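Read off the chains here:
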Amino acid sequence: MPELVLAAEAETNPFLPAIYDITWSLVVLLVVMVFFVRFAIPRFRQILDDRAEAIEGNIAKADDAQRKAEAALEQYTAQLAVARVEAGQIREQARADGQRILAELREQATSEANRITATAKAQIEAERQSAVQSLRSEVGSLAIDLASGVIGESLNDDARASAMVERFLADIEATENTAPSAGKN
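Along each chain, residue indices are assigned from 1 in the same order as the chain's sequence is written. It should be noted that, the model being predicted, local features are given only for residues of pLDDT at least 70 and side-chain atom pairs only at 80 or more, the latter also being counted only at that level, while totals for whole chains, interfaces and linings use all residues. Excluded from the side-chain calculations are hydrogens and water; all other atoms, namely the structure's heavy atoms, are used.

The name given to the protein in an unreviewed UniProt entry is ATP synthase subunit b, with Cryobacterium zongtaii as the source organism. UniProt positions are given in the numbering used here, feature names are shortened, and annotations may be inferred rather than shown by experiment. Regarding the protein, the relevant UniProt record gives this comment under Sequence similarities (unreviewed entry): "Belongs to the ATPase B chain family." Note on the protein: under the UniProt heading Subcellular location (unreviewed entry), the record states "Cell membrane".

Take a look at the structure:
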């Protein structure tokens with residue numbers, strides 16, 4: 001019997017399947033292969049192609065957006081440079097206007113000070129003239145009273161009294177004018 005087992009084993013290899021198993025396996029493999037070749041692989045290709053197109057479109061959009069951003073950056077940089085130049089010009093114009101306004105204000109202040117000084121001088125001169133006139137009349141009446149007392153007669157004649165007062169004041173002014181010039185020499 002052991003010989004029989006060995007003979008049966010010799011004809012069939014346990015590692016090789018039976019022919020019907022190989023045949024049916026090949027049929028199933030062919031059906032699965034046809035399914036993949038006809039349906040699955042084209043669908044996967046379509047999905048991959050769509051995905052590749054979407055990626056390429058996104059890359060193109062990103063490149064376009066980057067170009068636009070670079071162009072906008074260049075434009076903004078140019079506008080910033082122009083704005084800086086304009087700001088510098090405005091600052092310089094403002095400085096010039098400020099200096100001009102200061103010069104005008106100084107000129108106005110100087111003319112106002114000169115006007116006030118001239119007005120004050122005129123007012124002082126008018127007050128001096130008024131004081132001189134007042135003093136002349138008082139000195140004149142005092143001089144007439146004094147002269148009346150010295151002479152012993154009344155000097156009521158206005159023409160005579162005025163002439164005498166004028167002469168007296170002229171003598172005093174002449175004395176005052178010659179005294180300072182003598183002190184200077």
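Picking up after the structure, the text goes on.
J.: What am I meant to see in the UniProt feature "transmembrane region" (unreviewed entry) in the protein here?
T.: Sequence positions flagged by UniProt for "transmembrane region" (unreviewed entry) are, in local numbering, residues 22–41. Secondary structure is summarised from DSSP: a helix means a run of H or I of at least four residues, a strand means a run of E of at least two, and numbering begins at the N terminus for each. Secondary structure across residues 22–41 comprises 100% helix and 0% strand; the distance between its end C-alpha atoms is 26 Å.

J.: When you look at the UniProt feature "coiled-coil region" (unreviewed entry) in the protein in this model, what are you seeing that I'm missing?
T.: UniProt's feature table lists "coiled-coil region" (unreviewed entry) at residues 59–93, given in the numbering used throughout. Segment residues 59–93 splits into 100% helix and 0% strand. End C-alpha atoms: 50 Å apart.

J.: Is there a simple way to think about the confidence of the model for the protein in this case?
T.: Interpretation of the predicted coordinates at a detailed level should be avoided for regions scoring low in pLDDT. Confidence scores labelled pLDDT are given residue by residue by the predictor and lie between 0 and 100. Model confidence for the protein is summarised by a mean pLDDT of 84, while 83% of its residues fall at 70 or above. The spread of mean pLDDT over the elements of the protein runs between helix α1 (residues 2–11), the lowest at 53, and helix α2 (residues 19–151), the highest at 91.

J.: How should I be thinking about the pattern of salt bridges in this particular structure?
T.: If charged atoms from side chains of opposite charge come close, those side chains can pair. A carboxyl oxygen of Asp or Glu within 4 Å of a side-chain nitrogen of Lys or Arg is what we treat as a salt bridge. In total, this model carries 7 salt bridges according to the counting rule given. A salt bridge links R100 to D97; the shortest N-O distance between them is 3.7 Å. Of this pair, R100 and D97 both sit in helix α2, 3 residues apart, which is roughly one turn of that helix. Three exposure classes are used, based on accessible area relative to the maximum for each residue type with a 1.4 Å probe and protein chains only: buried under 20%, partly exposed in between, and exposed over 50%. Looking at D97, the relative accessible area reads 27%, which means it is partly exposed. A salt bridge links R115 to E112; the shortest N-O distance between them is 2.3 Å. Taken together, the residues span about one helical turn, with R115 and E112 both in helix α2 at a distance of 3 residues. Given a relative accessible area of 44%, R115 falls into the partly exposed group. Its relative accessible area of 36% is what places E112 among the partly exposed residues.

J.: When you look at the packing of aromatic side chains in this model, what are you seeing that I'm missing?
T.: For any pair of aromatic rings, the description consists of the separation of the ring centres together with the inter-plane angle of the planes. For this analysis, a ring pair means two rings from Phe, Tyr or Trp (six-membered ring only for Trp) whose centres lie within 6.5 Å, classed as stacked if their planes differ by under 30 degrees, edge-to-face if by over 60, and tilted for the remaining angles. For the coordinates displayed, the defined rule picks out 2 aromatic pairs. Ring centres of F35 and F36 lie 5.8 Å apart, and the angle between their planes is 80°; this geometry places the pair in the edge-to-face category. The exposure class of F35 is partly exposed, given its relative accessible area of 46%. Following the ring pairs from residue to residue traces out a cluster consisting of F35, F36 and F39.

J.: Looking at this structure, I do not really get a negative patch on the surface. What am I missing?
T.: On the surface, D49, D50, E53 and E56 cluster together into a patch of negative charge. With respect to the element layout, E56 can be found in helix α2. Residues enter patches when they are more than 30% accessible in relative terms and free of salt bridges; like-charged ones are connected within 9 Å and nonpolar ones (Val, Leu, Ile, Met, Phe, Trp, Tyr) within 5 Å. The accessible surface values rely on the Shrake-Rupley method and a 1.4 Å probe; as for residues, cover is taken only from the protein chains in view. Only four residue types enter the tally: Lys and Arg on the positive side, Asp and Glu on the negative side; His and the chain ends are excluded. Charge coordinates come from a single atom per side chain, which is NZ of Lys, CZ of Arg, CG of Asp or CD of Glu.

J.: Explain a nonpolar patch on the surface to me, please; I cannot follow it from the model alone.
T.: Nonpolar side chains collect at one region of the surface, where V28, V32, M33, F35, F36, V37, F39, I41, F44 and I47 lie side by side and expose about 960 Å² of accessible area between them. In this structure F39 comes out as exposed when scored by relative accessible area, which is 55%.

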